[in-house]
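Here is how the chains run, residue by residue.
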Amino acid sequence: MTATATKPSTAPVRNQRPGGPDRSAGRRRSSTIIVTALLVVVALYFLIPVYWVFVASTKSTSDLFSTNGFLFAPTFSLWENIGRVLSYDNGIFGRWFLNSAIYAGVGALLATYFAAAGGYALAKYEFKGRNLVFGTILGGVLVPGTATALPLFLLFSQMGLANTYWSVLLPSLVSPFGLFLCRIYAQATVDTSLIEAARIDGAGELRIFHTIGLKVLTPALVTVFLFQLVGIWNNYFLPLVMLSDSELYPITLGLNNWLSQVDRLPEFYELTTGGVLLSIIPLSIAMIVLQRFWRGGLTEGAVK
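Residues numbered from 1 in each chain as written. Predicted model: local features only at pLDDT ≥ 70, side-chain atom pairs only at ≥ 80, totals over all residues. Heavy atoms only, no water.

**Student:** How should I be thinking about the overall build of the protein chain in this particular structure?
**Tutor:** Regarding its fold elements, the protein chain presents 14 helices and 0 strands. Its helices and strands in sequence order give the protein chain the pattern α-α-α-α-α-α-α-α-α-α-α-α-α-α, from N to C terminus. Across the 304 residues that make up the protein chain, the buried fraction comes to 34%. At a minimum sequence separation of 6, the contacts of the protein chain that also span at least 24 residues come to 72%. (Helix = DSSP H or I, 4+ residues; strand = E, 2+ residues; numbered from the N terminus. Buried < 20%, exposed > 50% of the residue type's maximum accessible area, 1.4 Å probe, protein only. Contact = heavy atoms within 4.5 Å.)

Take a look at the structure:
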């Protein structure tokens, strides 16, 4: 009997990491460094202003102009400044904060729901004029909000809604970009066969939308909600045009009102910087809490 010698395999053997398979295929060290450097630059671009606001809110007015803007002053006055912000003018900042929460929270929630319903309908129902309706809505994305503020003010004035909560809340319920995003996402993720199966089981259209459509559209809904929340919370021009009563002001308009008085009363610098710090906390919390829905939705359908 002759033994047959087996030739050693010449195929390259990829190094395996102790913790699992090698995931470095197709990656170059230089490209990784470049991408990481760009991400660091972008992160610094967004984080440095937040850091400056935090440092500025810990200083008195004299320290704000006599010390380095990125370094803390010898006297840490954060809690004193926040106390002044919350107590000034019988706690008017708390009223502004509540107004912004109503405008942004209710407006973003209802705008997201309407965008999801409209996008789902345009994606999953066949009817005449569907493309015309979608094109008209898509054209609304190109119209800036500042261009419609004055016509809305004239319209709401005739209806008796100017200088009310409704004058800021109603325009916030419309999100052309959100409807566009929901329509595209519904076309890609909501399976028609799943809808037909639910119809066979006797489910109505509204129940199908609420139990199947909204669940599948969750990543898109989170995106629309955050865009609307940030947009309404930071909106300044529309409340400026619509509102004249300081009791109805959102945070943006109230802080600008304080800032306009710094030439007469320099202590308003402390109120403004402290108010700005408090105003960014809700948006940060919303981003941290809702980002997990993005991670769950991006991998949906990746593995069958």
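**Student:** Please explain the side chain of Q261 as it appears in this structure.
**Tutor:** With respect to the helices and strands, Q261 occurs in the loop between α13 (251-259) and α14 (268-298). For Q261, a relative accessible area of 18% corresponds to the buried category.

**Student:** How should unusual backbone geometry be read in this particular structure?
**Tutor:** The phi torsion of most residues other than glycine is negative, and most of the peptide bonds are trans. Unusually for a residue other than glycine, D89 sits at a positive phi of about 55°. Within the secondary structure, D89 sits in the loop between α3 (78-87) and α4 (92-124).

**Student:** Where do I start with a nonpolar patch on the surface in this structure?
**Tutor:** Taken together, the side chains of V40, L44, I48, Y51, W52, F54, F70, F72, F76 and W79 define a hydrophobic patch exposed on the protein surface, amounting to about 980 Å² of accessible area. A per-element tally of the nonpolar patch places helix α1 (residues 29-56) first, with 6 residues. As for its placement among the helices and strands, I48 is situated in helix α1. In this structure I48 comes out as partly exposed when scored by relative accessible area, which is 39%. (Patch = residues over 30% accessible without salt bridge, like charges linked within 9 Å, V, L, I, M, F, W, Y side chains within 5 Å. Areas by Shrake-Rupley, 256 points an atom, 1.4 Å probe, with all protein chains shown as cover. Salt bridge = Lys/Arg side-chain N within 4 Å of Asp/Glu carboxyl O.)

**Student:** Would you take a moment to explain the pattern of salt bridges for this structure?
**Tutor:** Side-chain pairing between opposite charges can occur once the charged atoms of the two side chains come close. Applying the stated criterion across every chain yields a total of 4 salt bridges. Note that E247 and R95 form a salt bridge whose closest N and O atoms lie 3.0 Å from each other. Here E247, found in the loop between α12 (237-242) and α13, pairs with R95, found in helix α4; they are 152 residues apart in sequence, far enough to count as distant.

**Student:** How do you make sense of the packing of helix α9 (residues 192-200) against helix α10 (residues 205-216) when you look at a structure like this?
**Tutor:** What describes two packed helices is the angle between their axes and the distance between those same axes. In contact at an axis separation of 10 Å, α9 and α10 are set at 130° when each is read in the N-to-C sense. Looking at the two axes, α9 sits oblique to α10. Here the hand of the crossing between α9 and α10 comes out right-handed. Across from L194, I195, A198 and R199 in α9, the residues of α10 making contact are E205, I208 and I212. (Axes fitted to C-alpha atoms, helices over the stretch in contact; angles between N-to-C directions. Parallel < 35°, antiparallel > 145°, perpendicular 65-115°, else oblique. Left-handed = near helix turned anticlockwise from the far one by under 90°.)

**Student:** Is there a simple way to explain the environment of L161 in this structure?
**Tutor:** Here L161 lies in the loop between α6 (145-159) and α7 (165-169). Considering only alpha carbons, one finds L161 and M242, 81 residues apart in sequence, at a separation of 9.0 Å. Discounting residues that sit within four places of it in the chain, L161 has contacts with F156, W166, S167 and L170.

**Student:** Just checking my understanding: could you explain the nonpolar core for this structure?
**Tutor:** Considering soluble globular proteins, one finds that nonpolar side chains tend to be buried as a cluster. Counting residues in each nonpolar core, the largest one holds 36 residues, and the members touching the most others are F93, W96, L243 and W258. Counting residues per element, the ones that place at least two in this core are α3, α4, α6, α11 (218-233), α12, α13 and α14. In terms of residues, this core owes the most to one element, α14, which gives 7 residues. Setting aside anything within four residues of it in sequence, one finds W96 in contact with S246, Y249, P250, I251, G254, L255 and W258. Residues L179, Y185, A198 and L214 belong to the second largest nonpolar core, which totals 22 residues. (Core = buried A, V, L, I, M, F, W, Y, C linked by side-chain atoms within 4.5 Å.)

**Student:** Please explain the packing of aromatic side chains as it appears in this structure.
**Tutor:** How two aromatic rings sit relative to each other is given by the distance of their centres and the angle of their planes. Applying the stated criterion across every chain, the model contains 19 aromatic pairs. When the ring of F97 is compared with that of W233, the centres are 5.6 Å apart and the planes differ by 80°; the resulting orientation is edge-to-face. With F97 in helix α4 and W233 in helix α11, this pair connects stretches of sequence that are 136 residues apart. Residue F97 is classed as partly exposed on the basis of its relative accessible area of 29%. Relative to F227, the ring of F177 lies with its centre 5.4 Å away and its plane at 55°, an arrangement referred to as tilted. With F177 in helix α8 (residues 176-189) and F227 in helix α11, this residue pair connects regions lying 50 residues apart in the sequence. With relative accessibility at 34%, the residue F177 sits in the partly exposed group. In this structure F227 comes out as exposed when scored by relative accessible area, which is 53%. An aromatic cluster of three or more residues is present, and its members are Y88, F93, W96, F97, W233, W258 and F268. R183 extends its terminal NZ or CZ atom over the ring of F134, reaching a point 4.0 Å from the ring centre. (Phe/Tyr/Trp six-rings, centres within 6.5 Å; stacked < 30°, edge-to-face > 60°. Lys NZ or Arg CZ within 6 Å of the ring centre and 35° of its normal.)

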